[in-house]
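Next come the chains, spelled out residue by residue.
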Amino acid sequence: MITRDAEAGDLPAITAIYAHHVLHGTGTFEEEPPDQAELAARMAKVQDAGCAWLVAENEGEIVGYGYFSQIRDRSAYRFTAEDSIYVRDDVRGMGVGKALVQALLHRATERGFRQMIAVIGDSDNVGSIGLHASLGFRNVGVMKAVGLKFGEWVDVVYMQRSLGEAERTLP
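Below or above, wherever it landed, is the structure these notes cover. Keep in mind that this is a model prediction, so the values were computed, not measured.

**Digging into the sheet that holds strand β2 (residues 53-58)**
Read from one edge of the open sheet, seven strands run β1-β2-β3-β4-β5-β7-β6, paired in mixed fashion. Two strands bound the open sheet, and with one partner strand each, they are β1 (2-5) and β6 (138-149). If you compare each strand with its neighbour and ignore which way they point, the axes differ by 25° on average. Pairing geometry for strand β3 (residues 61-70) and strand β4 (residues 80-87), over seven bridges, is antiparallel. Note on β4: the bridge partner recorded for S69 is E82. Each of β2, β3, β4 and β6 touches helix α1 (residues 11-24); the most contacted strand, β3, lies at about 80° to it.

Here it is, written out as structure tokens:
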């Protein structure tokens, strides 16, 4: 498996992976899957900002994707990124998510970010919580019942990991 920068030709697979998560999971709070054009615009926005949108490819097939971008638009947040990871359902638990997060951490550190935040939909999402914890993220809070999806209230878990010099020095 390799991780690489996403390209326009990857968008059909990215769209299908994300649609599955929207329709069947609580890792995202979107309730209607965006179309390929919308995901292309989102990918371009992330890449145009100098951040990474990556895919995991195994034997020529896209098995997952992930990206990071500045967590908020205000300038004071310019050293804090947020990651998002989506893995094809039939390969979950096989290291795809971990490879993507590791690659994103590396790229964000290279780009000068000092903190990475994971905003995980659903406190029952033990896969994503465990994956992030295994890579040094620590739980920094839970917002209880802030989303309503599939007729149930859903929590959001915040996890954080320092990058590079983190808060030890000023950029």
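Having seen the structure, we can now continue with the description.
**A look at the nonpolar core**
The biggest cluster of nonpolar side chains holds 42 residues, and the ones touching the most others in it are I14, W53, Y65, F68, M116 and F137. Taken together, the elements giving at least two residues each to this core come down to α1, α2 (36-48), β2, β3, β4, α3 (96-110), β5 (115-121) and β7 (152-162). A per-element tally of this core places α3 first, with seven residues. What I14 contacts, discounting residues up to four positions off in sequence, is A6, L39, M43, W53, V55 and Y65.

**As for the pairing of β6**
Working note: regular strand, side chains alternate between the two faces of the sheet. In this sheet, β7 lies alongside β6 in antiparallel orientation, the contact comprising eight bridges. In the sheet register, G147 faces β7, and the bridge partner there is V154. In textbook terms, the turn of a hairpin is the stretch between consecutive antiparallel strands, and for β6 and β7 this stretch comprises two residues, one of which, F150, has a positive phi near 55°.

**Quick notes on the environment of T3**
Assignment of secondary structure puts T3 in strand β1. Remark: the alpha-carbon pair of T3 and G66, spanning 63 residues in sequence, is separated by 9.7 Å. Those residues in contact with T3 that lie beyond four places of it in its chain are V55, A56, A99, L100 and A103.

**Notes on the packing of aromatic side chains**
As enumerated under the stated definition, the model contains five aromatic pairs in all. An angle of 80° between the planes, with centres 4.9 Å apart, marks the rings of Y18 and Y86 as edge-to-face. Of this pair, Y18 sits in helix α1 while Y86 sits in strand β4, placing them 68 residues apart in sequence. Note on accessibility: Y18 and Y86 belong to one class, buried. Their ring planes at 80° and their centres at 5.5 Å tell us that F68 and F113 sit as a pair that is edge-to-face.

Cut-offs used in this document
Residues numbered from 1 in each chain as written. Predicted model: local features only at pLDDT ≥ 70, side-chain atom pairs only at ≥ 80, totals over all residues. Heavy atoms only, no water. Pairing = 2+ DSSP bridges. Helix = DSSP H or I, 4+ residues; strand = E, 2+ residues; numbered from the N terminus. Axes fitted to C-alpha atoms, helices over the stretch in contact; angles between N-to-C directions. Contact = heavy atoms within 4.5 Å. Core = buried A, V, L, I, M, F, W, Y, C linked by side-chain atoms within 4.5 Å. Buried < 20%, exposed > 50% of the residue type's maximum accessible area, 1.4 Å probe, protein only. Phe/Tyr/Trp six-rings, centres within 6.5 Å; stacked < 30°, edge-to-face > 60°.

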